[in-house]
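As a plain string of letters, each chain reads:
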Amino acid sequence: QVQLVESGGGLVQPGGTLRLSCAASRSIFNIYFMAWYRQAPGKEREMVAGLSTIGRTSYADSVKGRFTISRDNAKNTVYLQMNSLKPEDTAAYYCNAFYNGVTYWGKGTLVTVSP
């Protein structure tokens with residue numbers, strides 16, 4: 001089993017930056033795939049960025065060139081660096097892990113981009 005705890009959300013102005021963290025309750029070294037999702041009010045949850053154990057990344061078109069996902073296996077933590085934030089990035093952001101055939105979710109952290 002894996003517990004995931006997100007942090008780092010908050011209020012930021014357009015053009016600003018935030019770094020989200022996802023701390024896992026166990027080693028993430030052999031968790032095959034970890035990702036960040038987001039869900040804006042009235043919209044479906046969408047994957048923002050994903051990262052496999054072999055370092056392969058994937059990004060939603062809307063965040064390419066602005067967001068970067070990374071992992072620190074020593075700290076059991078996955079990060080999402082968000083630059084050049086836009087109002088449309090406002091959403092609850094969730095950490096996701098796929099391990100041993102089971103998908104795990106954190107409870108989310110809220111990001112609000114507003115003047």
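Scroll up for the structure.
Values in this document were obtained by computation on a predicted structure and should not be read as measured data.

Caption draft 1: Local environment of the overall build of the protein. Along the protein, the regular secondary structure elements total 0 helices and 11 strands. Sequence-ordered secondary structure for the protein, helices as α and strands as β, is β-β-β-β-β-β-β-β-β-β-β. At 13 Å, the protein has a C-alpha radius of gyration in line with the 13 Å of a compact globule built from 115 residues. For the protein, the spread of C-alpha atoms along the principal axes amounts to about 40 × 25 × 25 Å. Considering only intrachain contacts with a sequence separation of at least 6, the fraction spanning at least 24 residues in the protein is 53%. A total accessible area of about 6,100 Å² is found for the protein, and carbon and sulfur atoms account for 50% of it. Taken together, the 12 basic and 7 acidic charged side chains of the protein have centroids lying 6 Å from each other.

Caption draft 2: Region of the structure containing the state of the cysteines. One pass over the full model with this rule turns up 1 disulfide. Here Cys 22 is linked by a disulfide to Cys 95, with a sulfur-sulfur distance of 2.0 Å. Of note, the bridge from Cys 22 to Cys 95 carries an S-S torsion of about -80° and is left-handed in sense. Residue Cys 22 is located in strand β3 (residues 18-24), and its partner Cys 95 is located in strand β9 (residues 91-99); the two are separated by 73 residues in the primary sequence. No difference in accessibility class separates Cys 22 from Cys 95, as the two residues are buried.

Caption draft 3: Geometry of the pattern of salt bridges. Counted by the stated rule, this structure contains 4 salt bridges. Note that Arg 38 is salt-bridged to Glu 46, the shortest N-O span being 2.8 Å. Note that Asp 61 is salt-bridged to Lys 64, the shortest N-O span being 3.1 Å. This pair shows no difference in class: Asp 61 is exposed, exactly as Lys 64 is.

Caption draft 4: View of the sheet that holds β3. The strand order across the open sheet formed by 4 strands is β1-β3-β8-β7, and the pairing between neighbours is antiparallel. Whereas interior strands pair on both sides, the edge strands pair on one side only; in this sheet they are β1 (4-7) and β7 (67-72). Sheet twist, expressed as the average angle between the axes of neighbouring strands with direction ignored, equals 15°. Where β3 and strand β8 (residues 77-82) come together, 6 bridges link them in antiparallel fashion. Across the sheet, the residue bridging to Arg 19 is Gln 81, located in β8.

Caption draft 5: Representation of unusual backbone geometry. The phi angle at Ser 84 is positive, at roughly 50°, despite the residue not being glycine. Inspection of the secondary structure assignment puts Ser 84 in the loop between β8 and β9. Judged by its relative accessible area of 42%, Ser 84 is partly exposed. Backbone geometry at Asn 100 places phi at a positive 50°, although glycine is not the residue there.

Conventions adopted
- The written sequence of each chain sets the order in which its residues are numbered from 1.
- pLDDT decides what is reported in this predicted model: residues at 70 or higher carry local features, side-chain atom pairs at 80 or more are listed and counted, and totals for whole chains, interfaces and linings draw on all residues regardless.
- To get the side-chain values, take all heavy atoms of the structure and skip hydrogens and water.
- Runs of H or I in DSSP of at least four residues are treated as helices and runs of E of at least two as strands, each being numbered from the N terminus.
- The globule rule used for comparison is 2.2 Å times the number of residues to the exponent 0.38, while the radius of gyration itself is calculated over C-alpha atoms.
- Contacts are assigned to residue pairs that have any heavy atoms within 4.5 Å of one another.
- Where accessible areas are quoted, they stem from the Shrake-Rupley method and a 1.4 Å probe; at the residue level, only the protein chains shown are allowed to cover.
- Note on charges: Lys and Arg go in the positive column, Asp and Glu in the negative column, and His and the chain ends are not counted at all.
- The location of each charge is read from NZ of Lys, CZ of Arg, CG of Asp or CD of Glu.
- Note on disulfides: each one is a pair of cysteine sulfur atoms within 2.5 Å.
- Buried residues are those whose accessible area, probed at 1.4 Å on protein chains only, stays under 20% of the maximum for their type, while exposed residues exceed 50% and partly exposed ones sit between those limits.
- Salt bridges are defined by distance alone: a side-chain nitrogen of Lys or Arg within 4 Å of a carboxyl oxygen of Asp or Glu.
- Two strands qualify as a pair provided DSSP detects at least 2 bridges between them.
- To obtain an axis, a line is fitted to C-alpha atoms, over the contacting stretch when the element is a helix, and the angle between two such axes runs from 0 to 180 degrees between their N-to-C directions.

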